[in-house]
Amino acid sequence: MSAPTSSEPATAPVTRPWWLRQRWLLLRRASQFGLLGLFMLGPWAGIWWAKGNLAASTWFDLVPLSDPFIVLQSWLAVGAVTSTALLGAGLIAGFYWLVGGRVFCSWVCPVNVITDAAHWLRTRLRLPPGWRPQRSLRLWLAAMCLVAATLTGSLVWELVNPVTLVQRALVFGVGAGWTVMLAVFLFDLLVSRRGWCGHLCPVGAFYGLLGTASPLRVAAHAREACTDCGDCFEVCPEPQVISPALRGSGTRIVVSGDCTNCGRCIDVCPDDVFRFAQRYRYRPPG
Amino acid sequence: MADHPTSRNFAADRRRFLARGVQAAGAVSLVGMLLASHAEQARSRPVSALRPPGALPEDEFLGACVRCGLCVRDCPYDTLRLASFGEPIAPGTPYFVARDIPCEMCEDIPCVVACPTTALDKNLTDIREADMGVAVVTGTDTCYSITGVGRCTGCYDACPIKDEAITMELKQEGGRVYFVPTVHREQCTGCGKCEADCLYPEAAIKVLPRALVRHDVGSDFV
Ligand code: SF4
Ligand code: SF4
Ligand code: SF4
Ligand code: SF4
């Protein structure tokens, strides 16, 4: 097969090498496991670049990082917050404000590996979608976390939060933490398609809100080349975010904060419709 | 058909939207209430699980501690550990069991220094002011020294502030002369060294949360 020589959009899919069709996925997995690896370097190899976990950590015995959602709950619970926690939360919030809040989901969160695995398997098994609660449920749950912390004075959500439980289990010792991993996996496999990350997780919802204005976005740049194959909708964890950019007549930028910037649509689109773009400097083709 | 299809659709849409909102709010409130009652249970923990030095009172601690484990990492004696999911302690919170590894009462209190939150009180700069609990001689019928089995001073020897927090008091009773390990509660930090070193198989001296032990008594016995 030869590549199209003209500048017209190719109508027949060009066969791209497999690594090009998986490149963002591979990078994402490298980021997820790499970050986990950095946290495990201490307990396993005695190299303490990172200490702590996703709730709060210290890097190179110098830079504090902390999860803004947990710090917010803690502040609501006890009415006090240290400058260290505030600085750490500010650094993390600033980072995700720039690159997209749900980059946390697709590039960092260890639960994403579990829910992606469940989704992969349920696709192979051709299981029906199952329970489909409204996607806004996660926002309600996020609000509940804040209200519950305020009313009880305790970090109620942290008793069951799979995100921190799973990562802590991996970094500080598993205990019965594997039951949480299994529960999330089975829920996504048997109860609800993309159920946890797509409909329920309040942590993801919080980061989604954090990234609503982020400059780094995916753009359906070459949307005229779209052949309606539906591959991007199939693979996207939040398919509702694609339509306005791909099928609409307005901006080509995927503006919804729900988009995780996972880049999976860029990977799978046979017609190279998608690319990463800088939202505020973006120029549509032509 | 209908005269104002759009406005009717709009009204129907709004009704559906409201209904779904109420549904979601109801479901989420239910989850919230379940979690809150679970949190209530999670407030209690086994008496053998002691919090690190400088820990706020338990109620506040559970709101302030973000469960990061930085205190655990900086403890040079591996005293502290994070509760994992399924333990009868709020998951992710730090604790230690004195009989396993007690607190060595570090001069520089690295655990408190490492804590990024208010959970471990930075105002604690002198480890002797720490209050992780208070030692109580629970085995008055097992302690080798009290029962006269031998001249044991295991707990007394272990105490980092012996002669202040713990003394061996001479006691005479019906012609029997023996020494009673005696804890002075104002000075005791609850580090658990005594409990860890007690020679009796089931420690005859144990650190208990101070709330379980009366405040208004100066020391055991005497
Ligand atoms: S939605 Fe929640 S669990 Fe899923 S990847 Fe995002 S933070 Fe992690
Ligand atoms: S739109 Fe693309 S980048 Fe965004 S979540 Fe969906 S697949 Fe990932
Ligand atoms: S004072 Fe020292 S030994 Fe005791 S808990 Fe803190 S770091 Fe560990
Ligand atoms: S360092 Fe502080 S916030 Fe972190 S686990 Fe220990 S007590 Fe909790």
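Residues numbered from 1 in each chain as written. Chains lettered and ligands numbered in written order. Predicted model: local features only at pLDDT ≥ 70, side-chain atom pairs only at ≥ 80, totals over all residues. Heavy atoms only, no water.

Glancing now at the site of ligand 4. The environment of ligand 4 is formed by 14 residues, the closest being B:Cys65, B:Cys68, B:Gly69, B:Cys71 and B:Cys115. Here the residues of the shell around ligand 4 sort into 11 nonpolar, 2 polar and 1 charged. (Near = heavy atom within 4 Å. Nonpolar A, V, L, I, M, F, W, Y, C, P; charged D, E, K, R; others polar.)

Before going further, it helps to examine the domain arrangement of chain A. Residue and element names in this part refer to chain A. Assigned domains of chain A: these are domain 1 (18–210) and domain 2 (216–278). Its C-alpha centre places domain 1 at a distance of 24 Å from the equivalent point of domain 2. Taken together, the contact between domain 1 and domain 2 spans 23 residues of the former and 20 residues of the latter. Counting the surface lost from both domain 1 and domain 2, the interface buries some 1,500 Å², and carbon and sulfur atoms represent 41% of this. Across the salt bridge formed by Glu 238 and Arg 135, the nearest N and O atoms sit 2.9 Å from each other. In this structure, the connection of domain 1 to domain 2 is made through 15 residue pairs in polar contact (both at pLDDT 80 or more). Considering only residue class, the side of domain 1 that touches domain 2 consists of 9 nonpolar, 6 polar and 8 charged. (Domains from an automatic or database assignment. Contact = heavy atoms within 4.5 Å. Buried area = accessible area lost by both parts, 1.4 Å probe. Salt bridge = Lys/Arg side-chain N within 4 Å of Asp/Glu carboxyl O. Polar contact = N/O pair within 3.5 Å; in protein donor to acceptor, adjacent residues only side chain to side chain.)

All names here are of chain A. Under the counting rule described, the total for this entry stands at 24 salt bridges over all chains. Note that Arg 28 and Asp 116 form a salt bridge whose closest N and O atoms lie 3.2 Å from each other. Note that Arg 28 is positioned in helix H2 (residues 23–45) and Asp 116 in helix H6 (residues 111–124), a separation of 88 residues in sequence. Exposure class is identical for Arg 28 and Asp 116. Each is buried. One salt bridge connects Glu 234 with Arg 193, and the closest N-O pair in it is separated by 3.7 Å. Note that Glu 234 is positioned in helix H12 (residues 231–235) and Arg 193 in the loop between helix H9 (177–191) and helix H10 (195–200), a separation of 41 residues in sequence. On the basis of relative accessibility, which here comes to 27%, the residue Arg 193 falls in the partly exposed class. (Helix = DSSP H or I, 4+ residues; strand = E, 2+ residues; numbered from the N terminus. Buried < 20%, exposed > 50% of the residue type's maximum accessible area, 1.4 Å probe, protein only.)

According to the stated counting rule, one finds 13 aromatic pairs over all chains in the structure shown. Here A:Trp49 and A:Phe60 contribute two aromatic rings whose centre-to-centre distance is 6.1 Å and whose plane-to-plane angle is 40°, an arrangement assigned as tilted. Of this pair, A:Trp49 sits in the loop between H2 and strand S1 (50–52) while A:Phe60 sits in the loop between strand S2 (56–59) and strand S3 (63–66), and the two are 11 residues apart along the sequence. Three or more aromatic residues joined by ring pairs form one cluster here, namely A:Phe69, A:Phe95, A:Tyr96, A:Phe104, A:Phe206 and A:Tyr207. Over the ring of B:Tyr178 we find B:Arg176, and its NZ or CZ is 4.1 Å from the ring centre. (Phe/Tyr/Trp six-rings, centres within 6.5 Å; stacked < 30°, edge-to-face > 60°. Lys NZ or Arg CZ within 6 Å of the ring centre and 35° of its normal.)

Moving on: the environment of B:Pro91. Here B:Pro91 shows up in the loop between strand S2 (81–82) and strand S3 (94–97). With 60 residues separating them along the chain, B:Pro91 and B:Arg151 place their C-alpha atoms 42 Å apart.

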